[in-house]
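Descriptive structure summary
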Amino acid sequence: MGLVGLLGFLVIWEVLPRTGIVNPTFLPPASAAIADLFRNFGLTAFWQAVGDTMWQWLLGMLIACIAATVLGFLIGSSTFLRRFTNSTIEFMRPVPSVALIPLAVLLFGVEIESALLLIVYASFWQVLIQVLYGVADVDNVAMNTARSYGLGPLARLRYVIFPTALPYLMTGVRLASAVALILAITAQLIIGNPGLGAEIAKAQSGGSYVAMYALILATGLLGVIINLVMRMIERKVLSWHSSVRTEVAT
Amino acid sequence: MSADAPLATPVNLTKAAGGSGTSRSAPPSSPAKKPPGAKRAWGAAKGLFFIAALPVILVLIWYISTAVGEKNFFVPTPALLVETFFETWTGDRITTDVIPSLTRLLFGIAGSIIIGIVGGLLIGSVRWLRALTEPTLEFFRAIPPTVLIPVLMLLIGIGDDMKVAVIISGALWPILLNTIEGVRSMDEVLADTTHTYGIKGFNRVRYLILPSAMPQIMAGIRQSLSIALILMVISEMFAASSGLGFTIVQFQRSFAIPEMWSGIVLLGIIGVIMSFIFQLIERNVLRWYHGLREIENAA
């Protein structure tokens, strides 16, 4: 059924330019774009661009996730710190990451750091907020039980707080992974860091519109794949958690 | 705090730390022997401290690191930034850049909310339509919205409608998919009851489907707002002769560093105001829902 829908969409895309409803120069038929996409699969330059994009994505995700997790646990486990930082976090979080583009350009130019600055800034908040909620969600009874059994702070962190916060953390990471990809591609598109986004900008300004559509399809595929992989990791990591267990049972 | 933590939206968090003098903001361990008036004042002072302390410290660090010692080319001092901010954004630029940008943003958000909710209700209530469109929609959601800017530039041109279309094309998906999800996860008993009472058509949408999907829809809108703001800026950076994104890039290219920073600050303020307005609206729209959750959690 879903395949039929996808096919239907492709057919519409094929028919619109072929019948001349939309100018075929600006919207080449689906078959041309897909053929070009498959041609890309055989090109080193294409994989180079994909590799660049994924490398920026991975590095940005790693930095953001580690920083946000450490800070999240630190801030979350102290009521004082949580209240102390709350206003600042709430103020910094809605600041759109793309506002930093000019700054990134000034500081780093087209080096990978400028993309990283945007990616890290955008995905950091996603993870941090989730970790904060997760740490706040710790069951008081479980915490007190652990305390009366003489578990030290580190053991409590490992066996009580961490398992409670892990589902939240994973949700944050999944959200951040999508945001990070968007920012990676955007940085390449606007700033010109090497990667798929830069290729799209090149194809567009060079007038090779078929290539542009093929690359856009590629970014979509990349997004789908990242989403699937993230869901898989989430399921693996949380296989013990009741939300995943009931899902399997039904 | 732990009781409503899963729902601990920024609304609750700000309320908890906001310390507007209500008893909610006073921590349970606060001294109980003081008279209520003094207690409230103490609570308010404490709340104020928690709101202002860290920002003040950060600004101090910023001030010390820029004003003391040699001048930093990339980072202006706080005083200079404030001065430039008012100089840059209070004159003609309000009408030539800020207002057009915000108008596009508003149209984009309104468009994606309307299309998203109407489309979502439709797709969500018709089973075969959902099965038919789901993978296609997932694919569209996965495409980073910014890559559609070149496409829409080709198809529509570089006018205002292109920017609105860009915003809609990116901000639509969270609302659409969340509405579908919300309609699907409707309470079975409620649905059956309405069916038994013969409530059909518009009334069914108005009194059953829309309310039960509302929490999800609001969550979608929240995501969409930040996407919309990002896309507004990006579309103006890409192709425009006016607007905030355009102006900020212009400042950066001409190395007008304090002006550039003031633009970044302005975008930040717009983002903060948007999320604030949204929280107000959400609190009103979902008042019944938060109340329900509180009762359920208390039980």
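As recorded in an unreviewed UniProt entry, chain B goes by the name ABC-type nitrate/sulfonate/bicarbonate transport system permease component, listed as coming from Citricoccus muralis. Reading the Sequence similarities (unreviewed entry) entry of the UniProt record for chain B gives the comment "Belongs to the binding-protein-dependent transport system permease family." Regarding chain B, the relevant UniProt record gives this comment under Subcellular location (unreviewed entry): "Cell membrane".

**Side note on the packing of aromatic side chains**
One pass over the structure, following the stated rule, counts 16 aromatic pairs over all chains. An angle of 75 degrees between the planes, with centres 5.2 Å apart, marks the rings of A:Phe46 and A:Trp47 as edge-to-face. By relative accessible area, which is 6% here, A:Phe46 ends up buried. When its relative accessible area of 44% is taken as the criterion, A:Trp47 is described as partly exposed. Aromatic side chains A:Phe84 and B:Phe49 sit 6.2 Å apart centroid to centroid with 40 degrees between the ring planes, which places their arrangement in the tilted category. Of this pair, A:Phe84 sits in helix H4 (residues 79-92) while B:Phe49 sits in helix H2 (residues 36-67), placing the two residues on different chains.

**Some words on the interface of chain A and chain B**
Listed by partner, the interface residues are 58 residues for chain A and 61 residues for chain B. Between chain A and chain B, a total of about 5200 Å² is buried, with carbon and sulfur atoms accounting for 78% of that surface. Put simply, chain A and chain B have zero salt bridges between them. On the surface where chain A and chain B come into contact, there are one residue pair in polar contact (both at pLDDT 80 or more). Listed by contribution, the elements that provide at least two residues to the side of chain A that touches chain B are helix H1 (2-18), H4, helix H5 (101-108), helix H6 (112-136), helix H8 (153-190), helix H9 (196-206) and helix H10 (209-237) of chain A.

**Notes on the pattern of salt bridges**
Residue and element names in this part refer to chain B. A complete count under the given rule lists nine salt bridges over all chains for this structure. The shortest N-O distance in the salt bridge between Arg-104 and Asp-160 comes to 2.9 Å. Of the two residues, Arg-104 sits in helix H4 (residues 93-125) while Asp-160 sits in helix H7 (residues 160-184), which places them 56 residues apart along the sequence. The buried category is assigned to Arg-104, whose relative accessible area is 6%. On the basis of relative accessibility, which here comes to 45%, the residue Asp-160 falls in the partly exposed class. Overlapping salt bridges bring together Arg-104, Asp-160 and Glu-236 as one network.

**Looking at the UniProt feature "transmembrane region" (unreviewed entry) in chain B**
As annotated by UniProt and renumbered to match this structure, "transmembrane region" (unreviewed entry) occupies residues 43-64, 105-126, 138-158, 164-180, 225-248 and 260-281 of chain B. Between the C-alpha atoms that bound residues 260-281 of chain B the distance is 32 Å, and the span itself is 100% helix and 0% strand.

**Let's talk about the packing of helix H9 (residues 201-238) of chain B against helix H11 (residues 257-285) of chain B**
How two helices pack is summed up by the angle between their axes together with the distance between the axes. Residues and elements named next belong to chain B. H11 packs onto H9 with a crossing angle of 165 degrees between their chain directions and a minimal axis gap of 11 Å. Considering their axes alone, H9 and H11 lie roughly antiparallel with respect to each other. Helix-helix and strand crossings are classified by hand; for H9 and H11 the assignment is right-handed. In this structure, H9 uses Met-214, Met-218, Ile-221, Arg-222, Leu-225, Leu-229, Met-232 and Val-233 to contact H11, whose residues at the interface are Leu-267, Ile-270, Gly-271, Met-274, Phe-278, Ile-281, Glu-282 and Val-285. Counted by class, the contact of H9 with H11 contains 13 nonpolar, one polar and two charged residues.

**Quick word on the nonpolar core**
If you look at the biggest cluster of nonpolar residues, it comprises 135 residues, and the most contacted ones within it are A:Met61, A:Leu196, A:Met212, B:Met232, B:Leu244 and B:Met260. At 17 residues, the largest contribution of residues to this core is made by H8(A). Setting aside residues up to four positions removed in sequence, A:Met212 forms contacts with A:Ile200, A:Ala203, A:Gln204, B:Pro150, B:Val151 and B:Leu154. Counting residues in each nonpolar core, the second largest holds 10 residues, with B:Leu129, B:Ile168, B:Trp173 and B:Leu176 among its members.

About the thresholds
- Throughout this description, residue numbers start from 1 for each chain and increase along the sequence as written.
- Chains and ligands are labelled sequentially in the order written, the chains with letters from A and the ligands with numbers from 1.
- Where totals are concerned, whole chains, interfaces and linings use all residues; where local detail is concerned, this predicted model gives features only for residues with pLDDT of at least 70, and gives and counts side-chain atom pairs only at 80 or more.
- With hydrogens and water excluded, all non-hydrogen atoms of the structure serve as input to the side-chain values.
- UniProt positions are given in the numbering used here, feature names are shortened, and annotations may be inferred rather than shown by experiment.
- Planes of paired rings set the category: under 30 degrees apart is stacked, over 60 is edge-to-face and the rest tilted, where pairs are Phe, Tyr or Trp rings (Trp by its six-membered ring) whose centres lie within 6.5 Å.
- Accessible area is worked out with a 1.4 Å probe on protein chains only. A residue is then buried under 20% of its type maximum, exposed over 50%, and partly exposed in between.
- A run of H or I in DSSP becomes a helix once it reaches four residues, and a run of E becomes a strand once it reaches two; helices and strands are each numbered from the N terminus.
- Contact criterion: two residues are considered in contact whenever any of their non-hydrogen atoms come within 4.5 Å of each other.
- For any pair of parts, buried area is found by adding up, for both, the accessible area (1.4 Å probe) each one loses once the two are put together.
- We count a salt bridge whenever a side-chain nitrogen from Lys or Arg sits within 4 Å of a carboxyl oxygen from Asp or Glu.
- Whenever a nitrogen or oxygen atom comes within 3.5 Å of another N or O atom, the pair is scored as a polar contact, on the condition that within protein one atom can donate a hydrogen and the other can accept it, and that pairs from neighbouring residues in sequence are kept only if both atoms are in side chains.
- All axes are obtained by fitting lines to C-alpha atoms, using only the stretch in contact for helices, and the reported angles, taken between N-to-C directions, cover 0 to 180 degrees.
- By definition in this entry, angles of less than 35 degrees are roughly parallel, angles greater than 145 are roughly antiparallel, angles of 65 to 115 are roughly perpendicular, and the rest are oblique.
- Handedness of a crossing follows from how the near helix is turned relative to the far one, being left-handed for an anticlockwise turn of less than a right angle and right-handed for a clockwise one.
- The classification used treats Ala, Val, Leu, Ile, Met, Phe, Trp, Tyr, Cys and Pro as nonpolar, Asp, Glu, Lys and Arg as charged, and all other residues, Gly among them, as polar.
- The term nonpolar core refers to a set of buried residues drawn from Ala, Val, Leu, Ile, Met, Phe, Trp, Tyr and Cys, joined through side-chain atoms within 4.5 Å.

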